[in-house]
Each structure stands twice: as C-alpha cells, then as structure tokens.
Amino acid sequence: METVLSSKGQIVIPQKIRKCHGWRTGMRFTLTEEGDSLIMKPITGRSTLVVEEVFGCAGYTGPRISLEEMEAAILEEAAKQAAS
C-alpha cells in the first residue's frame, strides 16, 4: 500500500488501515524514528479497545449475532470435533 507526502508534510493514511485500527479524525499519535523508518502509535487514555472500534477488521458482513448465539455455535463445533 502506498501513500504520498504532501507539500505541507502530511501523509494520508488509507481508509482501510484507519478503519481497521479504529483511528478517527483528530486522534493524536507519537512518532518514533527507527533507522530510516517511523513508528506511529496512537495516544489513548485507554489500554483496551471496544469491539465496535475494530469490528471492520473481522471482515464479517452478515447480521449481528448475540454472544449467546456465538457461544452455542462454538459448543456445537467443539462437540462435532470431539465426535470425529
């Protein structure tokens, strides 16, 4: 994936990456130089993310599934694996 440095020193971070990491307009980042590379890390007041912030990374596009439905599906698959 490529991007371009503007005359103002700005770099556009592709939407796919921003969405995957839950990065929004106005977020602050630290930049650390490492050799000829830069490491960019978001500055957050939290140490954890909410699932809705990174849900786009999963690639699932179907209807929402409840936690109970997910747990039932996991148990069903585990039972199938144990039986075979």
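Computed from a prediction, not measured in an experiment: that's the story for all the values here.

Caption draft 1: Spotlight on the overall build of the protein. A tally of regular secondary structure across the protein gives three helices and two strands. Counting from the amino terminus, the protein carries its helices and strands in the arrangement α-β-β-α-α. Taken over 84 residues, the protein has a buried fraction of 4%. Sequence-distant contacts in the protein: of pairs separated by 6 or more residues, those separated by 24 or more amount to 21%. Surface summary for the protein: the accessible area is close to 7,900 Å², and the carbon and sulfur share equals 57%.

Caption draft 2: Molecular detail of a nonpolar patch on the surface. A contiguous nonpolar surface patch, about 380 Å² in accessible area, is contributed by Tyr60, Ile65, Leu67 and Met70. Its location among the elements puts methionine 70 in helix α3 (residues 67–83). Overall, the relative accessible area of 41% leaves methionine 70 in the partly exposed class.

Caption draft 3: Just the packing of aromatic side chains, in detail. Counted by the stated rule, this structure contains one aromatic pair. Taking the centre distance of 5.0 Å and the plane angle of 80° together, the rings of tryptophan 23 and phenylalanine 29 count as edge-to-face.

Caption draft 4: How the structure looks around the pairing of strand β2 (residues 37–42). Two elements, strand β1 (residues 29–34) and β2, share six bridges in a ladder whose sense is antiparallel. Residue glutamate 34 lies in a different strand from β2, and its bridge partner there is serine 37. In this antiparallel pair of consecutive strands, β1 and β2, the connection spans two residues, and glycine 35 shows a positive phi of 65°.

Caption draft 5: The arrangement of the confidence of the model for the protein in detail. Residues with a pLDDT of 70 or more make up 83% of the protein, whose mean pLDDT is 85. The lowest-confidence element of the protein is helix α2 (residues 51–54), averaging 66 in pLDDT; the highest-confidence one is β1, averaging 92.

Caption draft 6: Just the pattern of salt bridges, in detail. Counted under the stated rule, the structure contains one salt bridge. Its salt-bridge partner being glutamate 76, residue lysine 80 comes within 3.6 Å of it at the nearest N-O pair. In this pair, lysine 80 and glutamate 76 are both assigned in helix α3, four residues apart and thus about one turn of the helix distant. Lysine 80 gets classed as partly exposed once you look at its relative accessible area, which sits at 48%.

Caption draft 7: Quick peek at the environment of leucine 31. Within the fold, leucine 31 resides in strand β1. Spatially, the C-alpha atoms of leucine 31 and proline 42 are 9.0 Å apart, while their sequence positions differ by eleven residues.

Definitions and limits used
Residues numbered from 1 in each chain as written. Predicted model: local features only at pLDDT ≥ 70, side-chain atom pairs only at ≥ 80, totals over all residues. Heavy atoms only, no water. Helix = DSSP H or I, 4+ residues; strand = E, 2+ residues; numbered from the N terminus. Buried < 20%, exposed > 50% of the residue type's maximum accessible area, 1.4 Å probe, protein only. Contact = heavy atoms within 4.5 Å. Areas by Shrake-Rupley, 256 points an atom, 1.4 Å probe, with all protein chains shown as cover. Patch = residues over 30% accessible without salt bridge, like charges linked within 9 Å, V, L, I, M, F, W, Y side chains within 5 Å. Salt bridge = Lys/Arg side-chain N within 4 Å of Asp/Glu carboxyl O. Phe/Tyr/Trp six-rings, centres within 6.5 Å; stacked < 30°, edge-to-face > 60°. Pairing = 2+ DSSP bridges. pLDDT = per-residue confidence, 0-100.

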